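Letter by letter, the chains look like this.
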Amino acid sequence: MKKFLICFFAISLIAVCTSCTNQESSRPAPQQTLEKTEQNAAESENNLSNQTNLPTEALQQESRITSPDFGEGIATPITTLDVYRFWEDGQTYSHEKVDLSDGKQNYLAALDAAASVFSFIKEPLPVQSITLEKSNLTIDFEEKLIEQYDKHQLFELQNTVATTFFRNNLCESICFSLNGDKNILGGVNYQPSPFNLAEQNTEDLQKVINEIPYQGISDVYMKASKERYQNSFGITMDDNQLEIAKYLSFLGKLEGSASSPEELDMGRLVFHGIFNSTKYSIRDDANPDIIHLPQLQKISDALYSKMGFYETEFTIANHVEKNIQYLLGDDFQVDLSRAEDLGYHYFPEEGVITPPHSDGGYDIYPIVKDYQETDGIIKADILYLFESMNGFFAWDQPAFENDAQMKDYIEHSNNIVSVTLKRGTDGRLFFQNCRFPNK
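First, a word on scope: everything that follows refers to the structure included in this document. As the structure is a computational prediction, the values presented were derived from the model and not from experiment.

Quick word on the side chain of Thr 163
Alright, step 1. With respect to the helices and strands, the residue Thr 163 is situated in helix 6 (residues 151-167).
Alright, step 2. By relative accessible area, which is 6% here, Thr 163 ends up buried.

Shown next as structure tokens:
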């Protein structure tokens, strides 16, 4: 079976790569079984929970391998590597500078720097060895490389590494081998896709973004209201309960116990930060909840070379960051690259996040079973319910068949999450910690 998989991968990788894009709905549609967006991300989300896109220094591990230093062609030490990221959909490259881990002057550090531009790479690449013979470089990977990444991701990675190494004069030829086999990942002398550097004026693009004012957390999709709780759940909420419920709804689905904001799942935080942000479109016939901004055409044009199609809907990246910081504190560090965890795409140079164009989504109804506030510290017992197009449901459970079943669950369920919040001097609520009954 392993030989079959390897042969299949080789044939797939050599084949001409094409891209396809799904143009579906703009807003994540409510769902019950965590349809396309959630189901496709479920396995990787479980594996990547509470991880961040690792910086270069985290990717560099002393215990991995002994790496050769740069060859004689490098006259002066390299502190910042010019990385040329390959975009398969647009068949083009983009350029960014990445610091080498601790200034290390070796090929493993350069490989890690090149790999760090990919949000889908969350852990050190499984490198077995790196050898340099004259100016010919061979990077040998463990077989699990082809289990961790699909052929499109590997194609982008190989083109990025090869082109980065060539244009930084680190080697004259490069070979990517798999467990010693040099014929699987492109042959002895790997030839990257033709160099086509995307032309864009980052300053002009940032000017477009900076002229779009931050409008605060959007409540367009906020369903929590006294009327909603009364009519749907038969629950009467006082003003304090509703304030807590709305805050937790904006914060989003909690993945498990957390002793501080830093322990919350970053991917989920960014997902809800996007969901609660104002959306913009270059089309004037979009959803009425989406603001028409024709000046974003410049952003769409710039992304075409990377995506291979003209994107029409955008979320402003720094607005998402501000949303999360409004809920967790102005100094909270946000990793926007984790937008990729649930299907969104983050483009730091353009300053936007684009949607996955797939079904999936949900509304959150935190039910405040009990609470008390003492000296600005709020302790609340929360029962979470969610709503999709299939109806109301508890996470990882089928939709309730009827109102009686749902109300019985609300009354008797012990899936209570204990949440502690702190009220700031400006009246804002801030998450402190949470405890799940079984997590």
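Now that the structure has been shown, we can carry on.
Things to note about the sheet that holds strand 4 (residues 136-141)
Alright, step 1. Reading across from one edge, 3-4-5 is the order of the 3 strands in this open sheet, with mixed pairing throughout. Both outer strands of the open sheet, strand 3 (127-133) and strand 5 (173-178), are each paired with one neighbouring strand and no more. Across the sheet, the mean angle separating the axes of adjacent strands is 15° when strand polarity is ignored.
Alright, step 2. For strand 3 and strand 4, the ladder comprises 6 bridges, and the chain directions are antiparallel. Bridge pairing in strand 4 links Glu 133 to Asn 136.
Alright, step 3. Contacting strand 3 and strand 4, helix 4 (residues 107-115) crosses the sheet at an angle of about 120° to strand 3.

Comments concerning the sheet that holds strand 7 (residues 291-292)
Alright, step 1. In spatial order, the strands read 7-6-8-10-9; together these 5 strands make up an open sheet with mixed pairing. The open sheet terminates on both sides in strands that have one partner only, identified here as strand 7 and strand 9 (345-347).
Alright, step 2. Bridge count between strand 6 (residues 279-281) and strand 8 (residues 313-316): 3 bridges; the pairing is antiparallel. Across the sheet, Ser 281 pairs through a bridge with Glu 313, a residue of strand 8.
Alright, step 3. Sheet strands touched by helix 12 (residues 317-328): strand 6, strand 8, strand 9 and strand 10 (352-354). Its angle to strand 8, the strand with the most contacts, is close to 50°.

Quick look at the nonpolar core
Alright, step 1. With 60 residues, the main nonpolar core has Leu 328 and Phe 431 as its most contacted residues.
Alright, step 2. Not counting the four nearest positions on each side in its chain, Leu 328 is found in contact with Tyr 247, Leu 251, Pro 261, Leu 264, Leu 269, Phe 430 and Phe 431.
Alright, step 3. Listed in part, the 45 residues of the second largest apolar core include Ile 74, Val 83, Val 98 and Leu 178.

Some thoughts on the environment of Leu 154
Alright, step 1. Tracing the backbone shows Leu 154 in helix 6.
Alright, step 2. Distance in space between the C-alpha atoms of Leu 154 and Leu 185 is 8.9 Å, their sequence separation being 31 residues.

Conventions adopted
Residues numbered from 1 in each chain as written. Predicted model: local features only at pLDDT ≥ 70, side-chain atom pairs only at ≥ 80, totals over all residues. Heavy atoms only, no water. Helix = DSSP H or I, 4+ residues; strand = E, 2+ residues; numbered from the N terminus. Buried < 20%, exposed > 50% of the residue type's maximum accessible area, 1.4 Å probe, protein only. Pairing = 2+ DSSP bridges. Axes fitted to C-alpha atoms, helices over the stretch in contact; angles between N-to-C directions. Contact = heavy atoms within 4.5 Å. Core = buried A, V, L, I, M, F, W, Y, C linked by side-chain atoms within 4.5 Å.

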